[in-house]
Every structure is written in C-alpha cells, then in structure tokens.
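What the coordinates show
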Protein chains: 2
Amino acid sequence: MLLVGHGSKLPYNKELIETTARLIAEKTGDYIIKPGFMSLNTPTVEEQLEAFRREDIEMLVVVPLFLAKGVHINQDIPELLGLPKGERCGTFQLNGKAVPLVYANPIGSDPLLAELMLKNASDAIAELKP
Amino acid sequence: MLLVGHGSKLPYNKELIETTARLIAEKTGDYIIKPGFMSLNTPTVEEQLEAFRREDIEMLVVVPLFLAKGVHINQDIPELLGLPKGERCGTFQLNGKAVPLVYANPIGSDPLLAELMLKNASDAIAELKP
C-alpha cells in the first residue's frame with residue numbers, strides 16, 4: 001500500500017501521513033505500507049514507486065489520504081501513477097513482472113468519519129469539564 | 001455543533017461536509033449540527049454562528065473537518081470564532097446569555113482514520129476482483 005499525502009511546508013501533514021501509515025501497519029499484516037508525498041515532502045510518490053519495484057508484491061494499492069476528490073485526486077496523482085484520467089486500475093511493473101495497480105478513493109463521506117468527528121467533539125468537551 | 005469545512009470551487013468539499021453533518025445527525029440526537037465554510041462556499045462560518053445565536057443551546061462545539069493542523073486551524077478559524085490564538089475555549093453570546101464555546105481538533109492521526117484507509121483500500125481491491 002502506497003499511502004499518498006499532499007505534503008506541506010508545515011510539519012503536520014507529513015506527521016499525519018506517517019503516523020497513519022504506522023497505525024495501519026499495527027492493524028494488519030496484509031500490506032507493506034509506504035507513505036509518499038505528492039509535493040513538498042519526502043519520500044515522494046515517485047521514490048516510493050521505485051522502492052515498491054524492489055518488493056515482492058502481488059498488487060499495488062494506492063490510497064490517497066486526502067479529504068475528498070479534486071484536482072490532485074482526479075489528475076495529479078493519476079499522472080504520477082501513469083493512470084489514464086478516470087481510470088482506477090492499471091498495471092505496475094516490478095522487477096520482471098507486471099502486477100495490478102489499484103487506486104482507492106480519498107476519505108470521502110463515511111460513517112467512520114462521522115464517528116471520528118463525534119470523538120473529536122467529545123474530547124474537546126471533556127477538556128472543558130475536568 | 002458547527003462543522004467547519006474549508007470550502008472549494010469544486011463541489012466535493014461542500015458535499016463532504018454536508019453529508020458528514022447528516023451522518024453525524026443520524027448517529028446522535030445530542031447536537032444541533034450546522035455545516036459552515038471558511039471560504040468559497042455558503043453558508044459561511046459567520047452566517048452559521050449567527051444562526052446558532054437563535055438556537056437554545058447550552059454549549060457551542062466547533063469541529064473542523066480538516067485533515068491536520070495548519071494556518072487555517074491555528075489562525076483563520078480561531079479568528080472567525082473570536083478565540084485568541086492558541087485558546088481552545090471561549091464564550092459564545094446567545095440571545096441574552098453566554099455559553100461555553102469549545103474548539104475541537106481536526107481529524108489528526110487516529111485509529112479510526114487508519115481503519116477508514118483500510119476500508120478504502122479493500123473497496124478498491126474488491127472492484128478489481130468482480
């Protein structure tokens with residue numbers, strides 16, 4: 001799994017992507033997880049694609065840690081992945097073989113996101129009432 | 001709960017914030033939930049603050065639907081809320097009374113976010129294997 005972050009001059013986006021990659025790795029052993037950044041931070045998406053070519057994987061799933069669709073999701077990241085615009089599946093060339101590449105959706109509206117917002121609200125209220 | 005979105009020229013951010021507000025409302029009756037946008041979309045944060053002044057609430061919790069901290073979270077939104085920089089709690093003037101205002105954290109790194117990324121990965125892989 002390539003977990004793609006936007007990248008930022010401030011440290012917070014990089015921190016979020018790297019910590020989330022670690023949390024995913026703690027939850028499951030199903031993936032080799034590498035965080036990669038679209039811009040401003042390293043390792044870049046391109047660098048991590050190269051790193052994946054040296055792994056023995058049977059599929060590459062690219063998960064963008066972005067809130068929602070937009071130019072980055074619809075255009076910039078597919079370009080980095082070599083996917084034609086609008087395509088969600090392609091192939092990824094490893095050392096001597098081709099494996100499927102799938103491009104997942106960004107966060108989007110999801111009951112888990114609603115739950116997370118409720119949790120953040122409760123945490124803030126709990127701080128107020130010691 | 002004021003659920004704050006960034007706002008965007010494209011429709012996706014507005015859609016995300018409004019749908020998430022609905023999903024939160026479906027999960028709990030504890031809050032009156034209004035989505036408000038920092039820029040580019042309406043209703044604005046300011047408009048929704050005015051709308052909350054006409055509600056009979058005992059607290060206002062402001063939850064930013066942003067990925068991580070940054071200038072918007074640390075500076076722009078606190079300004080809109082009348083919070084001094086770095087403060088997480090203030091007061092909100094309703095019609096004739098003052099109630100606490102609390103400012104929650106953005107999404108941040110959280111096991112729920114890791115779970116959501118895994119779900120998006122699985123969904124993308126499932127599309128590949130019909």
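The structure under discussion appears in the preceding block.
Residues numbered from 1 in each chain as written. Chains lettered and ligands numbered in written order. Predicted model: local features only at pLDDT ≥ 70, side-chain atom pairs only at ≥ 80, totals over all residues. Heavy atoms only, no water.

What relates the two chain copies is a rotation about an axis together with a slide along it. The transform that puts chain B on chain A rotates by 180° and translates by 0.0 Å along the axis, for an RMSD of 0.0 Å. Classification of the inter-copy transformation places it as that of a two-fold axis. The overlap is high: 100% of the interface residues of chain B also sit at the interface in chain A, so the same surface is used on both sides. (Least-squares fit on C-alpha atoms with pLDDT ≥ 70 in both. Contact = heavy atoms within 4.5 Å.)

Counting through the fold element by element, Asn-120 of chain A comes out in helix α4 (residues 111–128). In terms of polar contacts, Asn-120 of chain A uses its side chain to reach the backbone carbonyl oxygen of Asn-105 of chain B, at 3.2 Å. (Helix = DSSP H or I, 4+ residues; strand = E, 2+ residues; numbered from the N terminus. Polar contact = N/O pair within 3.5 Å; in protein donor to acceptor, adjacent residues only side chain to side chain.)

Time to look at the pairing of strand β4 (residues 89–93) of chain A. Residues and elements named next belong to chain A. Relative to strand β5 (residues 98–103), β4 runs antiparallel, the two sharing five bridges. Its bridge partner being in β5, Phe-92 is matched across the sheet by Val-99. Following β4, the chain reverses through four residues before pairing antiparallel with β5; Gly-96 in that reversal takes a positive phi of roughly 90°. (Pairing = 2+ DSSP bridges.)

Time to look at the nonpolar core. Counting residues in hydrophobic clusters, the biggest one holds 54 residues, and the most contacted among them are Leu-65 and Ile-107 of chain A together with Leu-65 and Ile-107 of chain B. When residues of this core are traced back to their parent elements, those giving at least two are α1 (12–27), β3 (60–64) and α4 of chain A together with α1 (12–27), β3 (60–64) and α4 (111–128) of chain B. Apart from residues no more than four positions distant in its own chain, Leu-65 of chain A is found in contact with Leu-3, Val-4, Leu-16, Ile-17, Thr-20 and Ile-107 of chain A together with Leu-67, Leu-113 and Met-117 of chain B. (Core = buried A, V, L, I, M, F, W, Y, C linked by side-chain atoms within 4.5 Å. Buried < 20%, exposed > 50% of the residue type's maximum accessible area, 1.4 Å probe, protein only.)

Accessible area lost when the parts come together is the quantity often used to give the size of an interface. Contacts between the two partners involve 54 residues from chain B, matched on the other side by 54 residues from chain A. Of the roughly 4,600 Å² buried between chain B and chain A, counting both surfaces, carbon and sulfur atoms make up 79%. A per-residue breakdown of the area chain B buries against chain A is headed by Leu-67, Leu-112 and Met-117 of chain B, which together make up 14% of the total. For Lys-27 of chain A, the salt bridge goes to Glu-115 of chain B, with nearest N and O atoms at 3.9 Å. Where chain B packs against chain A, one counts six residue pairs in polar contact (both at pLDDT 80 or more). Elements with a contribution of two residues or more to the side of chain B that touches chain A: α1, β3, α3 (71–81), β5 (98–103) and α4 of chain B. With 16 residues, the single largest contributor to the side of chain B that touches chain A is α4 of chain B. Looking at the side of chain B that touches chain A residue by residue, the classes come out as 35 nonpolar, eleven polar and eight charged. (Buried area = accessible area lost by both parts, 1.4 Å probe. Salt bridge = Lys/Arg side-chain N within 4 Å of Asp/Glu carboxyl O. Nonpolar A, V, L, I, M, F, W, Y, C, P; charged D, E, K, R; others polar.)

What follows concerns the environment of Lys-119 of chain A. The residue Lys-119 of chain A is located in helix α4 in this model. Sequence separation between Lys-119 of chain A and Phe-52 of chain A is 67 residues; the distance between their C-alpha atoms is 35 Å. Lys-119 of chain A has contacts with Asp-110, Pro-111 and Leu-112 of chain B, leaving out every residue within four places of it along the chain.

As a further point, take the pairing of strand β1 (residues 2–5) of chain B. Residue and element names in this part refer to chain B. Residues Leu-2 and Val-4 line one face of β1 and the alternating positions Leu-3 and Gly-5 line the opposite face, and both faces are buried. Summarising the sheet, β1 and strand β2 (residues 34–37) pair through four bridges and their orientation is parallel. What sits directly across from Val-4, in β2, is Gly-36. Handedness of the crossover joining β1 and β2 through α1: right-handed. (Right-handed = clockwise from strand over helix to strand, strands pointing away.)

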